[in-house]
Amino acid sequence: MLNLRGAKRVVILGGGTAGWYAALALRKIFSAAVEVRVIESSQIGIVGVGEGGLLNLQSALQALDINLDEFKGETNGTYKWGFSYERWRTGAEDDRYFHPFASAQGAASQWQRMGTYPLFSAMIHQGVELPDYLRGMQLIKRNASQDEARQAIEKNETDVINSFHFDSYKIAKYFKKLAMERNITHQDTIVEEVETDERGYVVALHTRDQEKIELDFVVDATGLSRKIIGKAVPSTWHSFREYLLLDRAIPYHMPHPLPNPYLVSRAIALSSGWMWQIPLMDRVGAGYVYSSKHISDEQAVQEVEKTLGYPIQPQRIIRFEPGCFAQIWVGNMLSVGLASGFVEPLEATSIGQMLETVRNFVRVLTTSQGVVADSTIREFNASNFMSWMEIRDFLRMHYDCPRRDTPFWKDVAATPLPEKYRALKETMQLRVPRLMDLEGYILHGRHGMFHIVNWLFVASGLGLIPPHAANVELMSLSKEEKQKIAEFLGWLQAKRAANA
Ligand SMILES: Cc1cc2nc3c(=O)[nH]c(=O)nc-3n(C[C@H](O)[C@H](O)[C@H](O)COP(=O)(O)OP(=O)(O)OC[C@H]3O[C@@H](n4cnc5c(N)ncnc54)[C@H](O)[C@@H]3O)c2cc1C
């Protein structure tokens, strides 16, 4: 049992996006008598990548009383409406499909039948790109300006859910500024040793300046250096290496390739991985994430330069093993952000996962009134782990693509499928995936990272759902329902023609 009644100090070790967000969230739930302190090291710095949010970003900011316009302004942010996947199928320059943030919004998802969406099935059967039904999709496709996007949001003329791209340094700085205004203390030092007691609880941190900082609860937000988790506090590392091959990244900045900052993050497949391009107001945050088994660091830089047509200035090389810790809450320690795990940046899951972890932790701590049963902590960890499985499987599906033109893409094709995704794929040959298929990923108070609509956008974008599997569902509809489908397809065709 964890008893935080009478706690005097909560320490967050790490001042990146994860550390500062966690500090702001914890400040809200602990009384003013409890010190909430962030310890970070300006010498070590932050990872400095991770510039795109997910569907839960807006609500996570609002939960901390953060004004969205202020957030966008302070972080050099732009609207983010989803992802553009380029060259993942044929490798050609015009090969592209979209995964907009839609959840269950818009005309096609209002009609549900036994957890399926007949209008989606009809589009899959007809070979229509699924996101085309969304109001707002046209703004993405024609690279509309930020002002146009803002107007569409304000006038409720888009079904695409809004998130943000943001500068990773500015977001940490902004969260820090808020933290200073909200009675969070801050210390810039390097923690060298973590002291635990006979229960395995962290009782103090020892700094390079010989200071001993006693504490009642600690959050490990130390990024990829993972100062506490898996070291002073044991936890089981669960690698995804068997299913996801990428393990290295080279970030750099580049100018906007389009007249306006794109409303989506771009994921452009290359010979041995893919390039991310995240549009901010004044620049694009970019990088090549690749498999070190298939390309050297020098070759990776050369390939980027050849693709872009100009030299880049790589910031550094980031090495990582895709995977997560199975227990992120152990005794009086919670690990968040990169410290708790990381899978490559595809679908920008890292910050989204961190926000969901913090939300669920706050929920558990407040409803337990500071006294948390061991079984609750076990369930928290189980649900967090299942969320990582969802992320792993969703990402693995992205690589279930037709490219075979380089040794990397050939190896990707030969890489095993995780069991849950393999089973889903098997059923996809006979029917369209539905809400029920994802139920196993969601446990104990946690929200799923992706809605079935997100899975459908990617699966159909990659051509993983055969048209006949969709047709079987349509055949069992009544005459009136078939008429409804015909009217919808007519409306969609007219919409597409008007936008052509
Ligand atoms: C290549 C790449 C691309 C990514 N792209 C995305 C994306 O598009 N979207 C997304 O959501 N996420 C992305 N991420 C993840 C994202 O960068 C992180 O989730 C986010 O920045 C949070 O990082 P963090 O706070 O966990 O760690 P960091 O930013 O690394 O912060 C760690 C903190 O711990 C401190 N620290 C470490 N050790 C000590 C010590 N001993 N003593 C004192 N302080 C210490 C450091 O000083 C720093 O303040 C990406 C990550 C990588 C590697």
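The structure under discussion appears in the preceding block.
Residues numbered from 1 in each chain as written. Predicted model: local features only at pLDDT ≥ 70, side-chain atom pairs only at ≥ 80, totals over all residues. Heavy atoms only, no water.

### Some remarks on the packing of aromatic side chains
Logical step 1: Under the definition given, this model contains 32 aromatic pairs.
Logical step 2: Centroid distance Trp88 to Tyr399: 5.4 Å. Interplanar angle 65°. Geometry classified as edge-to-face. Linking Trp88 in the loop between β5 (82-86) and β6 (96-100) with Tyr399 in the loop between α10 (374-398) and α11 (407-414), this pair joins segments that are 311 residues apart in sequence.
Logical step 3: Residue class for Tyr399 comes out buried when judged on its relative accessible area of 5%.
Logical step 4: Between the aromatic rings of Phe488 and Trp491, the centroid separation amounts to 5.5 Å while the plane-to-plane angle is 35°, which identifies the pairing as tilted. (Phe/Tyr/Trp six-rings, centres within 6.5 Å; stacked < 30°, edge-to-face > 60°. Helix = DSSP H or I, 4+ residues; strand = E, 2+ residues; numbered from the N terminus. Buried < 20%, exposed > 50% of the residue type's maximum accessible area, 1.4 Å probe, protein only.)

### Description of the sheet that holds strand β2 (residues 9-13)
Logical step 1: In space, the six strands of this open sheet follow the order β8-β3-β2-β12-β21-β20, with mixed pairing throughout. Edge strands, defined here as strands with exactly one partner in the open sheet, are β8 (185-188) and β20 (329-330). (Pairing = 2+ DSSP bridges.)

### A short note on the packing of helix α4 (residues 118-126) against helix α14 (residues 467-475)
Logical step 1: Remark: α4 packs on α14, axes separated minimally by 8 Å, with the N-to-C direction vectors making an angle of 140°. Accordingly, the angle class assigned to the pair α4 and α14 is oblique. You can see that α4 and α14 cross each other, and the crossing is left-handed. Residues Pro118, Ser121, Ala122, Ile124 and His125 of α4 lie in contact with α14, whose contacting residues are Pro467, Ala470, Asn471, Glu473 and Leu474.
Logical step 2: Its residues assigned to classes, the contact of α4 with α14 shows six nonpolar, three polar and one charged. (Axes fitted to C-alpha atoms, helices over the stretch in contact; angles between N-to-C directions. Parallel < 35°, antiparallel > 145°, perpendicular 65-115°, else oblique. Left-handed = near helix turned anticlockwise from the far one by under 90°. Contact = heavy atoms within 4.5 Å. Nonpolar A, V, L, I, M, F, W, Y, C, P; charged D, E, K, R; others polar.)

### Brief notes about unusual backbone geometry
Logical step 1: Backbone geometry places Arg87, a non-glycine residue, at a positive phi of 65°.
Logical step 2: Structurally, Arg87 is set in the loop between β5 and β6.
Logical step 3: Residue classification places Arg87 among the partly exposed positions, given a relative accessible area of 21%.
Logical step 4: The phi dihedral of Arg226 falls on the positive side, at around 45°, and the residue is not glycine.

### Details of the side chain of Ser291
Logical step 1: If you trace the backbone, Ser291 turns up in the loop between β17 (284-290) and α8 (297-308).
Logical step 2: A relative accessible area of 2% means that Ser291 is categorised as buried.
Logical step 3: Side-chain polar atoms of Ser291 contact the side chain of His294, separated by 2.6 Å. (Polar contact = N/O pair within 3.5 Å; in protein donor to acceptor, adjacent residues only side chain to side chain.)

### Examining the environment of Val372
Logical step 1: Inspection of the secondary structure assignment puts Val372 in strand β23 (residues 371-372).
Logical step 2: The sequence separation of Val372 and Leu4 amounts to 368 residues, and the corresponding C-alpha distance is 8.4 Å.
Logical step 3: Those residues in contact with Val372 that sit more than four places away from it in its chain are Met1, Leu2, Trp329, Val364, Leu365 and Ile377.

### Focus: the site of the ligand
Logical step 1: Of all residues adjacent to the ligand, which total 35 residues, the nearest are Gly15, Val49, Leu338, Ser350 and Ile351.
Logical step 2: Thr17 is positioned such that a nitrogen or oxygen atom in its backbone is 3.4 Å from an oxygen atom of the ligand.
Logical step 3: One of the backbone N or O atoms of Leu338 is found 2.9 Å from an oxygen atom in the ligand.
Logical step 4: For the ligand, whose accessible area on its own is 1000 Å², the fraction buried by protein is 97%.
Logical step 5: Mapped onto the shell around the ligand, the elements with two or more residues apiece are α1 (17-29), β16 (273-279) and α9 (349-367).
Logical step 6: Of the residues assigned to the shell around the ligand, the class counts are 18 nonpolar, 14 polar and three charged. (Near = heavy atom within 4 Å. Areas by Shrake-Rupley, 256 points an atom, 1.4 Å probe, with all protein chains shown as cover.)

### A word on the nonpolar core
Logical step 1: Counting 155 residues, the largest nonpolar core has Trp88, Phe175, Leu205 and Trp329 as the members making the most contacts within it.
Logical step 2: If we skip the residues at most four places from it in the chain, Trp329 touches Leu2, Phe217, Leu334, Phe361, Val364, Leu365, Val372, Ile377, Phe380 and Asn381.
Logical step 3: Counting 16 residues, the second largest nonpolar core, distinct from the first, contains Met254, Ala300, Leu308 and Ile312. (Core = buried A, V, L, I, M, F, W, Y, C linked by side-chain atoms within 4.5 Å.)

### Here's the deal with α1
Logical step 1: Compared with an ideal rise of 1.5 Å per residue, which puts 13 residues at 18 Å, α1 spans 19 Å between its outermost C-alpha atoms and is within 8% of the ideal.
Logical step 2: Counting buried residues along α1, 11 of its 13 residues qualify, which places the element largely inside the surrounding structure.
Logical step 3: If you check which residues of α1 are buried, you get Thr17, Ala18, Gly19, Trp20, Tyr21, Ala22, Ala23, Leu24, Ala25, Leu26 and Arg27. (Expected span 1.5 Å × (residues − 1).)

### A short note on the sheet that holds strand β19 (residues 323-325)
In a beta sheet, neighbouring strands are held together by backbone hydrogen bonds and run either parallel or antiparallel to one another.
Logical step 1: Strand order in this open sheet of three strands is β13-β19-β22, and the pairing throughout is antiparallel. Of all strands in the sheet, those with a lone pairing partner are β13 (237-239) and β22 (341-342), marking the two edges.
Logical step 2: Here β19 runs beside β22; their pairing, made up of two bridges, is antiparallel. Of the residues in β22, the one forming a bridge with Gly323 is Phe342.

### Quick look at the packing of α10 against helix α12 (residues 419-428)
Logical step 1: Two numbers describe how α10 lies on α12: the axes approach to 9 Å, and their chain directions differ by 50°. Between α10 and α12, the crossing angle belongs to the class labelled oblique. As for how α10 packs across α12, the hand of that crossing is right-handed. Along the contact surface, α10 presents Met386, Asp393 and Met397, while α12 presents Lys420, Tyr421 and Met428.
Logical step 2: Among the residues making up the contact of α10 with α12, the classes are represented as four nonpolar, no polar and two charged.

### Let's talk about the pattern of salt bridges
Opposite charge on two side chains permits pairing when their charged atoms draw close.
Logical step 1: Taken as a whole, this structure holds 30 salt bridges when the rule is applied.
Logical step 2: A salt bridge links Glu192 to Arg208; the shortest N-O distance between them is 2.9 Å. One end of the pair, Glu192, is in strand β9 (residues 191-196); the other, Arg208, is in the loop between β10 (202-207) and β11 (212-214), with 16 residues separating them in the sequence.
Logical step 3: Via salt bridges that share partners, Glu129, Asp132, Lys141 and Arg496 belong to a single interconnected network. (Salt bridge = Lys/Arg side-chain N within 4 Å of Asp/Glu carboxyl O.)

Without other data, these values stay purely geometric and don't point to any function.
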